[in-house]
Amino acid sequence: MLKRLTIFCAALLVACSGDSPKATLIINHATIYTADAKAAFAEAVAISNDRIIYVGDNAGATRHLGSQTRVINAAGKVVLPGLHDVHIHPFGLVSNSKCDLKSEPLSLAALSAIVKKCIEEAALPDGEWLTVDQWNFTKGNQPIESLPTLRAALDAASASHPIFLRGNDGHHGGANSLALASAKNKRNVTIGINKNTVKTEFAEYQQYIGLDAQGEPDGNVSEGARYLLALEGNALTGDGDPAALANKMPHINKLLNRRGITSIQDAASDIETFDVYEQYARSGQQTFRMTAALITDFARFSKGAPITESDTHKLAAKTNGKGAAHADWVTQNSLQSVNISAVIKAFRQLRERQSNPELLKADAAKIFIDGVIEGNPYSDPPALPNAAVYQPYLQPRFKQTGGRLQLDGYIDTQAPQCAGLNSAEKHPIDDRQSFYSNWGHHPEQCIESVGRLEHNADFIKKYIYALEAAGFAVHAHAIGDRAVGVALSTFAESRKSLRHSLPQTISHAQQIAPQDQRRLADNSVFLALTFAWAIPDYLYDVTVTPFIDNLSSLAAIYEPSLYAMQHYPAKSALRQGATIVAGSDAPVDTRDPRPFVNIAAAVTRSAEGRIYNPQERLSMTEALDAYTLNGAKALQQDALTGSIEVGKKADLIMIDRDIFLDAKNLDAAGISKTQVLMTVFDGAIVYQQQ
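Residues numbered from 1 in each chain as written. Predicted model: local features only at pLDDT ≥ 70, side-chain atom pairs only at ≥ 80, totals over all residues. Heavy atoms only, no water.

Named according to an unreviewed UniProt entry, the chain is Amidohydrolase 3 domain-containing protein originating from Simiduia aestuariiviva.

Put into structure tokens, the structure is as follows:
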């Protein structure tokens, strides 16, 4: 049972002062969770302009009544600090697409029909691109005989328009034949993505390009492979041009206010579009605080060849023998090297020109350590996940019976026919049909893949070190357990070397190996979790678990002993010393940041009549702390906001139900239905439910 503590004015304000300052707003008769260091509760809060001047009981609040004070009787309603979403993509919260699939789980036939209708309604001229928003990669996409692949479905929609689907996760994409044919190599020559170029010029992207039974691209393109297509980067990500983004900002603002979110971090803020945020911050309309985790297209700071051994010697000579670790150019991958110093300079310039950091600041930076952990059970052969993991992904076989997906065993990658075929970079089999006829599976199903890091390990290390040396808090995307391990090691080494106190955040952390969980106490990291994903979701889980755990059938997908059932270990990480913070990752899955859906999942981990690893449930106060004080700490603004305490900014919300009682009853539906009645930002009521 929660112990409700009372905070008195004398303990928090001016025990020896004479006249009490007068409030512009008092909220009394409330159930106020302060999220302070004692996880205390109070009855009333008094605000003067933009600051909190009193937190305590109802009687104490009356001392701050003045002739101009507005008093709101909360009638027992719950009041919380303003919520912090530390991993969100603001531009994606609002759609300006002419073709939005809204994350609906669509079969390939239904998908094809909708895309075709979008082209007809837009009256697109032949040859013009159609970009489609919020394609749900993990749900739906069931093939039929006439539409066996995503590429076939999109080709059926149009053979006259290049089509690109933007995955609702920000990592996956889909392309028809015309779109695939537009791909350019590093010399900017159009050669297309096809059976031959996947093995040669685009071999670096093999794990990101789906293949069909004949070895031809099946239309699935993810991560860096998307950028091979002849489509502008902003069109690929869905951000749009600056004018379109500027038009979104008031709508983004209103949505955040309605959801009680008063502080956010754009988890991937491109420096090329950051001026949109700056303009809005100057407009006087912004009623949320924003931190930008800066990113850039490294191609803007690259040269099209990796650093060679000869280059290293030359750089060492130029840097007084200190070597490439202190040089500007660092090999990012097999295709290019990046001038890290130039990247940092651009970031610094942007950070230093911010004049109102309480509203907008750019003191963080983003790095992707790996990709995603979803495979594709509907493709033939099934596409493997690409997140970086310690143990190789399994090679499951699937079949559809009566329209229902079934597991049909696993390929033995150590069988004689797989000799020499285990590497993801090698496809020496040309006569694929004969191989399949002889062995009953495709040669790609011999691959033993542990996924991949998004950059060379040396680049990750040097980039994070350079960012932290320049004073940027690093926000690292890491999903697979190996990627999380790399992030932890790199963070620990950088902190030890630089002796800094900057927050270090790992976002997602879907898998954390037991040995790495034990390291959390020594790393002082923040884990930014999307709790809504830590619940049973069968249609999603079949894209993950069969590739990680050897199942007898899909009916066994929720066996407690499975490694996949240890995903999102929130409580374990908390006990090991990590600080848990919340990030919706919207518009991934949904454009709605849905904070109380996430809180419900954190507290119950239940859905579809099942519970996902119940020992990883958080208490309600732990879940709220993730959204409030801990979030503020991760964003380096806990002296300003994150809790309801005297002297802090008056950012708070009132909600319509007792979520503490809901949590006691493990009422996920009740918590999820929570409505924000009022949002206060900088002491002003910026949203009030009618």
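A. Summary view of the overall build of the chain. Of the regular secondary structure elements, the chain holds 23 helices and 30 strands. Relative to a compact globule of 690 residues, whose C-alpha radius of gyration would be 26 Å, the chain shows 26 Å and is just as compact. Structurally, the chain occupies a C-alpha span of about 90 × 65 × 55 Å along its principal axes. Every one of the 690 residues in the chain was classed for burial, and the buried ones make up 59%. Restricting the contact set of the chain to residue pairs at least 6 apart, pairs at least 24 apart contribute 73%. Carbon and sulfur atoms make up 49% of the accessible area of the chain, which amounts to about 27,300 Å² in all. (Helix = DSSP H or I, 4+ residues; strand = E, 2+ residues; numbered from the N terminus. Rg over C-alpha atoms; globule rule 2.2 N^0.38 Å. Buried < 20%, exposed > 50% of the residue type's maximum accessible area, 1.4 Å probe, protein only. Contact = heavy atoms within 4.5 Å. Areas by Shrake-Rupley, 256 points an atom, 1.4 Å probe, with all protein chains shown as cover.)

B. The arrangement of the pairing of strand 28 (residues 652–655) in detail. Burial of the side chains of strand 28 extends over both faces: Leu 652 and Met 654 are buried on one face and Ile 653 and Ile 655 on the other. Pairing analysis gives three bridges linking strand 7 (residues 78–81) to strand 28, with the strands arranged antiparallel. Directly across from Leu 80, in strand 28, lies its bridge partner Ile 653. Sheet topology note: the strand 28/strand 29 (residues 676–681) ladder contains four bridges and is antiparallel. Its bridge partner lying in strand 29, Ile 655 is registered against Val 676. (Pairing = 2+ DSSP bridges.)

C. Fine view of empty space enclosed by the protein. Under the counting rule described, the total for this entry stands at five cavities of 30 Å³ or more. Gln 206, Gln 207, Ile 209, Ala 383 and Leu 384 are the residues nearest the centre of the largest cavity, which is lined by 31 residues in total. Looking at the lining of the largest cavity, the elements that each hand over two or more residues are strand 11 (172–175), strand 12 (209–211) and strand 13 (217–222). Looking at the lining of the largest cavity element by element, the count peaks at four residues for strand 13. Tallied by class, the residues present in the lining of the largest cavity amount to 14 nonpolar, 14 polar and three charged. (1 Å grid on protein atoms, 1.4 Å probe; cavity = no way out; pocket = protein on both sides within 12 Å on 5 of 7 lines; lining within 4 Å. Points joined across faces, edges and corners; volume = space filled by probe spheres on them. Nonpolar A, V, L, I, M, F, W, Y, C, P; charged D, E, K, R; others polar.)

D. View of the state of the cysteines. Following the criterion strictly, the structure yields two disulfides and no others. Disulfide pairing places Cys 99 opposite Cys 118 at an S-S distance of 2.1 Å. Here Cys 99 and Cys 118 share a disulfide; its torsion about the S-S bond, 80 degrees, makes the bridge right-handed. You can see Cys 99 sitting in the loop between strand 8 (83–88) and helix 3 (108–122) and its partner Cys 118 sitting in helix 3, a full 19 residues away along the chain. At a sulfur-sulfur separation of 2.0 Å, the disulfide partner of Cys 418 is Cys 446. Between Cys 418 and Cys 446, the S-S torsion sits near -70 degrees, and that sign places the bridge as left-handed. Of this pair, Cys 418 sits in the loop between strand 21 (404–410) and helix 11 (432–439) while Cys 446 sits in the loop between helix 11 and helix 12 (457–469), and the two are 28 residues apart along the sequence. (Disulfide = S-S within 2.5 Å.)

E. Focus on unusual backbone geometry. Across the junction of Asp 380 and Pro 381, the peptide omega takes the value 5 degrees, indicating a cis bond. Tracing the backbone through its elements, the reader meets Pro 381 in the loop between strand 19 (360–368) and strand 20 (396–401). The omega torsion of the bond from Ala 586 to Pro 587 falls at 15 degrees, within 30 degrees of zero and hence cis. By the element assignment, Pro 587 lies in the loop between strand 25 (579–582) and helix 19 (595–604). A positive phi angle, close to 50 degrees, is found at Ala 39, a residue other than glycine. Note on placement: Ala 39 falls in the loop between strand 2 (31–33) and strand 3 (41–42). With a phi angle near 80 degrees, His 508 is a residue other than glycine that sits in the positive phi range. Within the secondary structure, His 508 sits in strand 23 (residues 504–508).

F. How the structure looks around the environment of Arg 151. Secondary-structure assignment places Arg 151 in helix 4 (residues 150–157). Along the backbone, Arg 151 and Leu 624 are 473 residues apart, and their C-alpha atoms lie at a distance of 44 Å. In contact with Arg 151, not counting residues within four places along its chain, are Ala 175, Asn 176, Ser 177, Leu 180, Glu 216, Pro 217, Asp 218 and Gly 219. For Arg 151, the side chain forms a polar contact with the main-chain oxygen of Pro 217, separated by 2.9 Å. (Polar contact = N/O pair within 3.5 Å; in protein donor to acceptor, adjacent residues only side chain to side chain.)

G. Geometry of the packing of helix 10 (residues 340–352) against helix 12. Where helix 10 contacts helix 12, the two axes come as close as 10 Å, and the packing angle between them is 35 degrees. Between helix 10 and helix 12 lies a crossing of right-handed hand. Along the contact surface, helix 10 presents Ile 340, Val 343, Ile 344 and Phe 347, while helix 12 presents Phe 459, Lys 462, Tyr 463, Ala 466 and Leu 467. Classifying every residue of the contact of helix 10 with helix 12 by side-chain character gives eight nonpolar, no polar and one charged. (Axes fitted to C-alpha atoms, helices over the stretch in contact; angles between N-to-C directions. Left-handed = near helix turned anticlockwise from the far one by under 90°.)

H. Representation of the domain arrangement of the chain in the model. We note that the domain assignment places domain 1 (25–81 + 644–688), domain 2 (97–228) and domain 3 (242–311 + 326–370 + 454–635) within the chain. The gap between the C-alpha centroids of domain 2 and domain 3 is 27 Å. Each side of the interface is counted separately: domain 2 has 15 residues, and domain 3 has 15 residues. Taken together, both faces of the contact between domain 2 and domain 3 bury some 1,200 Å²; the carbon and sulfur share is 46%. When the area that domain 2 buries against domain 3 is broken down by residue, the three leading residues are Thr 138, Lys 139 and Glu 204, summing to 35%. Our enumeration of links across domain 2 and domain 3 arrives at three salt bridges. The partner of Asp 133 in a salt bridge is Arg 591, with the nearest N and O atoms 3.4 Å apart. For the interface between domain 2 and domain 3, the tally reads seven residue pairs in polar contact (both at pLDDT 80 or more). Considering only residue class, the side of domain 2 that touches domain 3 consists of two nonpolar, six polar and seven charged. (Domains from an automatic or database assignment. Buried area = accessible area lost by both parts, 1.4 Å probe. Salt bridge = Lys/Arg side-chain N within 4 Å of Asp/Glu carboxyl O.)

I. Seen up close, the sheet that holds strand 19. Reading across from one edge, 8-14-15-19-22-23-24-25 is the order of the eight strands in this open sheet, with parallel pairing throughout. Edge strands, defined here as strands with exactly one partner in the open sheet, are strand 8 and strand 25. Mean inter-strand twist for the sheet, computed between neighbouring axes without regard to direction, equals 25 degrees. Both strand 8 and strand 14 (residues 261–270) contribute to a ladder of four bridges, which runs parallel. The residue bridging Ile 88 from the neighbouring strand is Asp 266, located in strand 14. Most of the contacts of helix 8 (residues 274–282) go to strand 19, to which it runs at about 155 degrees, and overall it touches strand 14, strand 15 (289–295) and strand 19.

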